[in-house]
Structures are given as C-alpha cells and as structure tokens.
Amino acid sequence: MVAEALPNSHEAAPVVVLGLQPAALIDNVAPVDWSLLDQISGDRGGSIPVQKDELEHILKELNTHITAAPLKKMAGGSVANTVRGLSVGFGVATGIIGAYGDDEQGQLFVSNMGFSGVSISRLRRKKGSTGQCVCLVDDSGNRTMRPCLSSAVKIQADELSKEDFTGSKWLVLRYAVINLEVIKAAIGFAKQEGLSVSLDLASFEMVRNYRSELRQLLESGNIDLCFANEDEAAELLRGEQEAGPEAALEFLSRHCSWAVVTLGSKGCIAKHDKEVVQVPAIGETIATDATGAGDLFASGFLYGLIKGLPLEECCKMGSCSGGSVIRALGGEVTPENWQWMHKQLQLKNLPVPDIRN
C-alpha cells in the first residue's frame, strides 16, 4: 500500500534527487554521560545493531537518566538526512523510496519527511514495525548508535519500478549488505533512466565486514560519486601497503567519476578526473553532536554538482552544510543553523540557495 500524500509533499513535480532508504527509521537522540554508556555493551562511538528488547531496555534506561535535555525523536537514516537537507536547506526537489510500518514511528517518519518538502509518494506502508535507532551523544559530541532494524518492514527489490526513477537526475544510496539486492535493483533502474548514482560507505564496521561485496559494487562502474569518511577509507584498503585517505581517494576515483574522503575537523579531500582538492572544515571545531555530518556534507556537495560548480566549490558547499548540522543534537538541521550556513556561504562567495519555505 502506498502512503497517502501529505499536503505539502511536492507530489506532482518529478524530483531531482531520489533517495533509496529501504527501511524507514526513527532516531531517538539523547545527550548522555559516561555512566550510561558504560552500561551498554559494545564499543563506544560505533554502530552496532540490536534486537527490539535491547532497544527498549536502552530507551527505558534513558528515561531515568535524562534530566537536562529531553529525548529528541526525528526521521533518521543517512539517506533521509541527505534528501531532507537538500530539500529544506537548498530548495532542491527530492523524494524518498522505502517502506514504513503501520505504527506511531512510521507515521512520524512520513509526516517529518513530508513536512520537510520531501516527496513521499514512493513510500510504501506495510503491516509491521518501523525501524528505530538510539543515538547516544557524549559531551565531546561523539555518537554511539544502536539501530534496531531486524524486525522493521522494508521495501524489496521486486517492489521497485522504472516509474519510481523517471525524470530524476541523482539516486542517493547508503551501503548495507542486508540491502544489497534492492540496492542493485535500484541501480539497474537508475541507469536505465539515465540517473547518476551516489553511494555513501555507511560505517567502518560495514566496510570491514563486507569489503569484498563493496569492492565488487564499486568495480561495477555504476557508482558515479562515492563518499567515505576517514575510518571507512582506512578499512577499504586495510592490509595494503598504502592505506591512508589519499590512497583510498585514488582507489575510489579509479571506479567513480567523483570521489570524496571526509576528514572530520580536518575537512575533506576530493578527486574528479585529474583534479584533486583539499578543503578545510568550516564552523565549529568541537561538535555538539556529529550525527548527520557526513549526510549533510553530501547534501551540500550534491547541490554543488547539480548547480555545475567546480570541485573545490562543491567541497566548500558540503563543508558548510556538514558544519551546520553538528551545531545541535540530531541529524536534522535547525532553522537557526540553516541561517548560519547561508551566512557562511555568503562570506565565502558561494551561491546561496533561493529558499521559499
């Protein structure tokens, strides 16, 4: 069953950027201290999938721990963050493909994305639960993620159709081995319809555990733009003589037209054809919360490409939008921080999007 349209979801117009997020996801974002992090199994700073009972246990613990700032709930997931950022911050027509459950979380995901101007006509509503993730942010701005997607409804490869992709220019994907079949099907339709494909490498754990499948996907020649952070880049070439960010950029650029490695507070390096650029980070050196920094960097970079900007300016656009999201909790940029970003763009003589929200 297809979701009903929300009033301001840009239904009729074909979208420029289309995101594939097979399972809708709600982020539960909370600032926490070390005492709570010590009670949760797994490495701090990583992203480790959990079962529903463990997720509920963490949420229960949070309710007793949280004092100053309440739990923030918002539509989450890397792809959702990127397309929402493009819509709200840059005025680009975007849409999202995926499935959500017939529960409160599913409704929240749909209304949050629709309210942000993202076209939701390609979302399917299914019986079952919507994915959730707990994002625990310590006082250094580092995040520890515990996603629960094992029982979440998601879209399957045979539910995609050519019409989903018609008229769009870019398809935005996040690497996940569990979604490999639907990712490959989406890429097939995208290429038939003349779309360019952008891939985010997701997490260092995903690259470490499923490196051969990832390298196969990159070597297919179907990925036009690839984003990796420093940790993911290191995992991509682990065990090889040259394994630094520059070597990873070189490897990615052999298979993708545009390759970007983000370096946190050190900015980013990028390559297109023979051109290589290095751009410093913009904004706070200490993040309030690093959630969504890479996703929003992708929003700005894609906006630059859509506008035909040179590589260095695309990186600067990405640095400005990535810098805007780390100023507050969660992967959704606040109105004040969009204003901050637009001011940064003006200061750097970069194009300021004409937003009519």
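Refer to the structure presented above.
The rules we used
Residues numbered from 1 in each chain as written. Predicted model: local features only at pLDDT ≥ 70, side-chain atom pairs only at ≥ 80, totals over all residues. Heavy atoms only, no water. Phe/Tyr/Trp six-rings, centres within 6.5 Å; stacked < 30°, edge-to-face > 60°. Helix = DSSP H or I, 4+ residues; strand = E, 2+ residues; numbered from the N terminus. Buried < 20%, exposed > 50% of the residue type's maximum accessible area, 1.4 Å probe, protein only. Pairing = 2+ DSSP bridges. Axes fitted to C-alpha atoms, helices over the stretch in contact; angles between N-to-C directions. Right-handed = clockwise from strand over helix to strand, strands pointing away. Expected span 1.5 Å × (residues − 1). Contact = heavy atoms within 4.5 Å. Core = buried A, V, L, I, M, F, W, Y, C linked by side-chain atoms within 4.5 Å.

**Examining the packing of aromatic side chains**
Thinking step 1. With the rule as written, the count across this model stands at seven aromatic pairs.
Thinking step 2. Taking the centre distance of 6.1 Å and the plane angle of 80 degrees together, the rings of F90 and W338 count as edge-to-face. Placement of F90 in helix α3 (residues 78-90) and of W338 in helix α12 (residues 335-347) is noted, with a sequence separation of 248 residues between them.
Thinking step 3. Among the residues examined, W338 registers a relative accessible area of 7% and is labelled buried.
Thinking step 4. Between the aromatic rings of F297 and F301, the centroid separation amounts to 6.2 Å while the plane-to-plane angle is 20 degrees, which identifies the pairing as stacked. Taken together, the residues span about one helical turn, with F297 and F301 both in helix α10 (residues 293-306) at a distance of four residues. A single burial state applies to F297 and to F301, both of which are buried.
Thinking step 5. Through a chain of ring-to-ring contacts, three or more aromatic side chains come together here, namely F90, Y303 and W338.

**A look at the sheet that holds strand β2 (residues 25-31)**
Thinking step 1. The four strands lie next to each other as β3-β2-β6-β7, forming an open sheet whose pairing is mixed. Either end of the sheet is taken by a strand with one partner, and the two such strands are β3 (72-75) and β7 (143-148). The average angle at which neighbouring strand axes cross in this sheet is 20 degrees, direction not considered.
Thinking step 2. Sheet analysis places strand β6 (residues 131-137) next to β7, joined by six bridges and oriented antiparallel. Bridge pairing in β7 places Q132 opposite C148.

**Here we look at the pairing of strand β9 (residues 196-200)**
Thinking step 1. Within β9, four of the five residues are buried, leaving the element largely enclosed by the surrounding structure.
Thinking step 2. Relative to β9, strand β8 (residues 170-174) runs parallel, the two sharing five bridges. Opposite L173, over in β9, you have L199 as the bridge partner.
Thinking step 3. With respect to chirality, the unit in which β8 leads through helix α5 (residues 180-192) into the neighbouring parallel β9 is right-handed.
Thinking step 4. With three bridges connecting them, β9 and strand β10 (residues 225-229) associate as parallel partners. Of the residues in β10, the one forming a bridge with D200 is F227.

**A few points about helix α11 (residues 311-325)**
Thinking step 1. Taking 1.5 Å per residue, 15 residues should reach 21 Å; α11 reaches 22 Å between its end C-alpha atoms and fits that length.
Thinking step 2. With 12 of its 15 residues buried, α11 lies for the most part within the structure.
Thinking step 3. Turning to α11, its buried residues number three or more, namely L311, C314, C315, M317, G318, S319, C320, S321, G322, G323, S324 and V325.
Thinking step 4. As for α11, its buried residues are in contact with α3, β11 (258-262), β12 (268-272), β13 (275-279), α10 and α12.

**Things to note about the environment of G98**
Thinking step 1. On the secondary structure map, G98 appears in strand β4 (residues 94-101).
Thinking step 2. Note on G98: relative accessible area 0%, which makes it buried.
Thinking step 3. Remark: the alpha-carbon pair of G98 and I120, spanning 22 residues in sequence, is separated by 9.1 Å.
Thinking step 4. Contacts of G98, omitting those with residues within four sequence positions, involve Q21, P22, R122, L123, R124 and I155.

**Observations concerning the environment of E235**
Thinking step 1. Relative to the assigned elements, E235 resides in helix α8 (residues 230-236).
Thinking step 2. According to the relative accessible area criterion, E235 is buried, its value standing at 8%.
Thinking step 3. Spatially, the C-alpha atoms of E235 and R208 are 5.5 Å apart, while their sequence positions differ by 27 residues.
Thinking step 4. When residues no more than four places from it in sequence are discounted, the contact partners of E235 are F204, V207, R208 and R211.

**Brief notes about the environment of A93**
Thinking step 1. Positionally, A93 belongs in the loop between α3 and β4.
Thinking step 2. Among the residues examined, A93 registers a relative accessible area of 23% and is labelled partly exposed.
Thinking step 3. Sequence separation between A93 and L263 is 170 residues; the distance between their C-alpha atoms is 29 Å.
Thinking step 4. Those residues in contact with A93 that sit more than four places away from it in its chain are P14, V15, V16 and V17.

**A look at the pairing of β8**
Thinking step 1. With respect to burial, β8 is a largely interior element, four of its five residues being buried.
Thinking step 2. Where strand β1 (residues 17-23) meets β8, three bridges bridge the pair, whose relative direction is parallel. What sits directly across from G19, in β8, is V172.

**What about the nonpolar core?**
Generally speaking, soluble globular proteins have nonpolar side chains that are buried together.
Thinking step 1. Counting residues in hydrophobic clusters, the biggest one holds 50 residues, and the most contacted among them are I96, F109, M113, L225, V260 and F301.
Thinking step 2. For this core, the element with the most residues is α10, which contributes seven residues.
Thinking step 3. For L225, the residues in contact, after removing those within four places along its chain, are W170, V197, S198, L199, C256, W258, V260, F301, L302 and L305.
Thinking step 4. Grouped together as the second largest cluster of nonpolar side chains are 46 residues, A186, M206, C226 and A228 included.

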